[in-house]
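Residues per chain, in single letters:
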Amino acid sequence: MKEVGKIWMNGKLVPFKDAKVHVLTHALHYSTAVFEGIRCYKTPKGSAIFRLPEHVERLFNSAKMYSMKMQYSEKQITDAIVKTVKASTLKECYIRPIAYYGYGKLGLTPTQNKVDMAIACWEWKMGESKAGKVSGARCKVSSWIRIDSTSQPMKAKAASNYSNAALARVEALEEGYDEAIMLNSEGKIAEGSAENIFVVKDEQILTPPPTSGILEGITRDSVIQIIEQNGGTVTETNLDREDLYIADEVFMTGTAAEVKSVTRIDHATIGNGKPGVITKALQKAFTDVAMGRDERFISWLKYV
Ligand SMILES: Cc1ncc(COP(=O)(O)O)c(C=O)c1O
């Protein structure tokens, strides 16, 4: 990682290399952290953070689901994110705010410790996640079942959700795939390890509902709104594994992935094995929105 700019830690901007925590930090042992992943894009009118209020709101909702007592307000964190992006000197970056139980007492009960907060930025350019952008990603339906809301709140973007996702990601990579697709405990399609998923069949666009145990992605919401504004519809419905194999197109959405095409799943070639027409149109539409070229969605950009 290139160490650029500063990292905001509990109200102070500290040099990147000095942004350290104690090895007995609670979250390191018990995954007691919630976080966000946000993008700042270099647009023709300057750097702009994509859907900042929605990300800050999700962070606070995640914290609430885990009864975390935040030391800062949503406004303070919003201001701190903008300040950190400016201090990074980066025109285009990934932003990672994280709230975590810190150093103090080390036992299971997290609430004996203070909730610390940090915000970091690192370089990340538009379209940098290559798999799926040009040739289409090859995905494996994971042998790991997505944990669900009967065990822990899946609507929270919590560190503890990611050991399950990381198992799926590593399994897929070790078997030569680019990404994993996870089923929920009912055998329905949930999501990728860090993306939501959409299927196109007979010109209908389908995606699993929030009740399938997914993170309600902000890119997922953006893509749904873009489709609707362009006169189309997206149907939220439970999908079976075989719906993937016989789909005309499959694509995934996420802050890191943006809109990525999936052209192979397990043994099956999706459609004609190339990124589909609808996927490509959405990739372009999403890029236009993120770059501030679509006036209808200009309020999604916070210029810094
Ligand atoms: C498990 C999971 N699902 C979906 C997403 C997509 O969410 P978003 O579009 O808000 O980045 C992410 C990425 O944050 C994720 O980690």
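About the thresholds
Residues numbered from 1 in each chain as written. Predicted model: local features only at pLDDT ≥ 70, side-chain atom pairs only at ≥ 80, totals over all residues. Heavy atoms only, no water. Domains from an automatic or database assignment. Contact = heavy atoms within 4.5 Å. Buried area = accessible area lost by both parts, 1.4 Å probe. Salt bridge = Lys/Arg side-chain N within 4 Å of Asp/Glu carboxyl O. Polar contact = N/O pair within 3.5 Å; in protein donor to acceptor, adjacent residues only side chain to side chain. Helix = DSSP H or I, 4+ residues; strand = E, 2+ residues; numbered from the N terminus. Nonpolar A, V, L, I, M, F, W, Y, C, P; charged D, E, K, R; others polar. Phe/Tyr/Trp six-rings, centres within 6.5 Å; stacked < 30°, edge-to-face > 60°. Buried < 20%, exposed > 50% of the residue type's maximum accessible area, 1.4 Å probe, protein only. Core = buried A, V, L, I, M, F, W, Y, C linked by side-chain atoms within 4.5 Å. Pairing = 2+ DSSP bridges. Right-handed = clockwise from strand over helix to strand, strands pointing away.

## Quick word on the domain arrangement of the protein
- Split into domains, the protein comes out as domain 1 (6–123) and domain 2 (137–290).
- In this assembly, 19 residues from domain 1 lie in contact with 23 residues from domain 2.
- With both sides pooled, the region where domain 1 packs onto domain 2 buries about 1,800 Å², and carbon together with sulfur makes up 61% of that total.
- Where domain 1 touches domain 2, the interface holds two salt bridges.
- With a shortest N-O distance of 2.7 Å, arginine 51 and aspartate 221 are connected by a salt bridge.
- There are 12 residue pairs in polar contact (both at pLDDT 80 or more) connecting domain 1 and domain 2.
- Among the elements of the structure, strand E3 (33–35), strand E4 (38–43) and helix H2 (52–65) are those that each provide at least two residues to the side of domain 1 that touches domain 2.
- For the side of domain 1 that touches domain 2, the element with the highest residue contribution is H2, accounting for five residues.
- Taken together, the residues of the side of domain 1 that touches domain 2 sort by class into nine nonpolar, five polar and five charged.

## Here we look at the packing of aromatic side chains
- Tallied over the entire structure, the rule returns nine aromatic pairs.
- Their ring planes at 35 degrees and their centres at 5.1 Å tell us that tyrosine 94 and tryptophan 122 sit as a pair that is tilted. Of the two residues, tyrosine 94 is situated in strand E6 (residues 93–101) and tryptophan 122 in strand E7 (residues 115–123); the sequence distance between them amounts to 28 residues. The pair tyrosine 94 / tryptophan 122 is uniform in exposure class, with both members buried.
- A connected cluster of aromatic rings, assembled from ring pairs, spans Tyr41, Phe50, Phe286, Phe297 and Trp300.

## Structural notes on the nonpolar core
- Formed by 28 residues in total, the largest nonpolar core has its most connected members in Ile49, Ile77, Ile81, Ile95 and Met117.
- Where this core is concerned, the elements lending two or more residues are E4, H2, helix H3 (74–88), E6 and E7.
- Excluding residues within four positions of it along the chain, isoleucine 95 makes contact with Glu36, Gly37, Ile38, Arg39, Cys40, Ile49, Ile81, Val85, Ile119, Ala120 and Cys121.
- In this structure, Ala48, Ile224, Leu282 and Val289 belong to the second largest nonpolar core, which totals 22 residues.

## Quick notes on the pairing of strand E9 (residues 179–183)
- Among the five residues in E9, five count as buried, and that is most of the element.
- Where strand E8 (residues 137–141) lies against E9, three bridges are found, and the strand directions are parallel. Bridging from a neighbouring strand, cysteine 139 pairs with glutamate 179 of E9.
- Once the chain exits E8 it traverses helix H4 (residues 162–174) before rejoining the sheet at E9, and the crossover so formed is right-handed.
- Sheet analysis places E9 next to strand E10 (residues 189–192), joined by three bridges and oriented antiparallel. By the bridge assignment, isoleucine 181 is partnered in E10 with glycine 192.

## Description of the pairing of E7
- Burial of E7 is extensive: eight of the nine residues sit out of reach of the surface.
- One ladder, built from two bridges, connects strand E1 (residues 6–9) with E7; its direction is antiparallel. By the bridge assignment for E7, methionine 9 is matched with alanine 118.
- Inspection of the sheet shows E6 paired to E7 by nine bridges, in the antiparallel sense. From the neighbouring strand, cysteine 93 faces E7, where its bridge partner is glutamate 123.

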